[in-house]
Amino acid sequence: MNKQTKKLIINTSILAIIILMLYLRSGLYISPIKAHEDSERGLHYGPSKIVHSRDFKDGKYYLCKYDKWISVDEILKSKLFFWRAGSPSFGLENKKDKSVVFSWSRHDSRRIVYGAINDARIKKIEVHLTDGTTLTETKFYDNLFLINWEAVNMKKIIARDSSDNIIYESEY
C-alpha cells in the first residue's frame, strides 16, 4: 500500500467517525420507532407499549401505555428520510375511578386530545371545537382514544353511551 492510499484510508475513516458522531448526537433517526424510544428515554419514561399509531401530514403520533400511565408521542419527519421527536410525551395517569381521563396538547397548528375510557358504557367520544365542528371517535385502542385536528381550539369533550346518553362532559 503506497503512502497516498494509506492517507486516503485514514482520512476517510476519520471523516466517517466524525459523521457518525454528529449523526448520533443530532436526534435524527432512520426509524420513527427509534425516535420514539429515544424521546421516552430522554424523559425517563417507559418503555411504553404502543397501542396505536396515527399518521399526520408531518409525522406520526404514537398512543402508548406504560404501567398506569398513558401518553402520546409526536414523531416528526425531518430532512428527507429521517425522523425526530416532536412535542414531548408526558404521561397522564389513568385514574380508574373516573369515567374518562384525558389530556390535550397543541403544537403549531396541530391539536390532539387523548385519554382513557374507564366506563364500559362509553361507546363514543366527541370533541366540540370553538368553530362549531364536532369530531367523533368510536374506535378505541385498548380503551384509549386519540383525536387530532388542525388549528381550531377545543370547547368541550363529551363521552356517550350506545343510546347517545351523556356519560361524561367537560367544558373548556
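Note that the coordinates shown come from a computational prediction; the quantities given were computed from them, not determined experimentally. (Residues numbered from 1 in each chain as written. Predicted model: local features only at pLDDT ≥ 70, side-chain atom pairs only at ≥ 80, totals over all residues. Heavy atoms only, no water.)

Enquirer: For the side chain of Asp73, give the residues involved together with the corresponding values.
Expert: Looking at where Asp73 falls in the secondary structure, it is placed in strand S3 (residues 69–78). In terms of polar contacts, Asp73 uses its side chain to reach the side chain of Ser39, at 3.2 Å. (Helix = DSSP H or I, 4+ residues; strand = E, 2+ residues; numbered from the N terminus. Polar contact = N/O pair within 3.5 Å; in protein donor to acceptor, adjacent residues only side chain to side chain.)

Enquirer: Residue-level account of the sheet that holds strand S7 (residues 110–117), with values.
Expert: Spatial strand order, S6-S7-S10: three strands in an open sheet with antiparallel pairing. Taken across any chain shown, the strands that pair with only one partner, and hence form the sheet edges, are strand S6 (100–107) and strand S10 (144–150). Recorded for the sheet is a direction-independent mean angle of 15° between the axes of neighbouring strands. Examined bridge by bridge, S7 and S10 share seven bridges and lie antiparallel to one another. The residue of S10 that forms the bridge with Ile112 is Asn148. (Pairing = 2+ DSSP bridges. Axes fitted to C-alpha atoms, helices over the stretch in contact; angles between N-to-C directions.)

Enquirer: Any details on helix H2 (residues 32–42)? Residues and values, ideally.
Expert: Turning to H2, its buried residues are Pro32, Ala35, His36, Ser39 and Glu40. In an axial view of H2, the angular spread of the buried residues amounts to 135°, which keeps them on one side of the axis. In H2, the exposed residues that point more than 90 degrees away from the buried face are Arg41 and Gly42. Buried residues belonging to H2 abut strand S1 (49–56), strand S2 (59–66), S3 and strand S4 (82–85). One side-chain oxygen of the residue at the start of H2 lies 3.1 Å from the amide nitrogen of Ile33, identifying that residue as Ser31. (Buried < 20%, exposed > 50% of the residue type's maximum accessible area, 1.4 Å probe, protein only. Arc of directions from axis to C-beta. Contact = heavy atoms within 4.5 Å.)

Enquirer: So what about a nonpolar patch on the surface? Which residues, and what values?
Expert: Where nonpolar side chains cluster on the molecular surface, the patch consists of Ile10, Ile14 and Ile18 and spans about 260 Å² of accessible area. Position of Ile14 relative to the elements: it lies in helix H1 (residues 3–26). (Patch = residues over 30% accessible without salt bridge, like charges linked within 9 Å, V, L, I, M, F, W, Y side chains within 5 Å. Areas by Shrake-Rupley, 256 points an atom, 1.4 Å probe, with all protein chains shown as cover. Salt bridge = Lys/Arg side-chain N within 4 Å of Asp/Glu carboxyl O.)

Keep in mind these values describe shape, not function.
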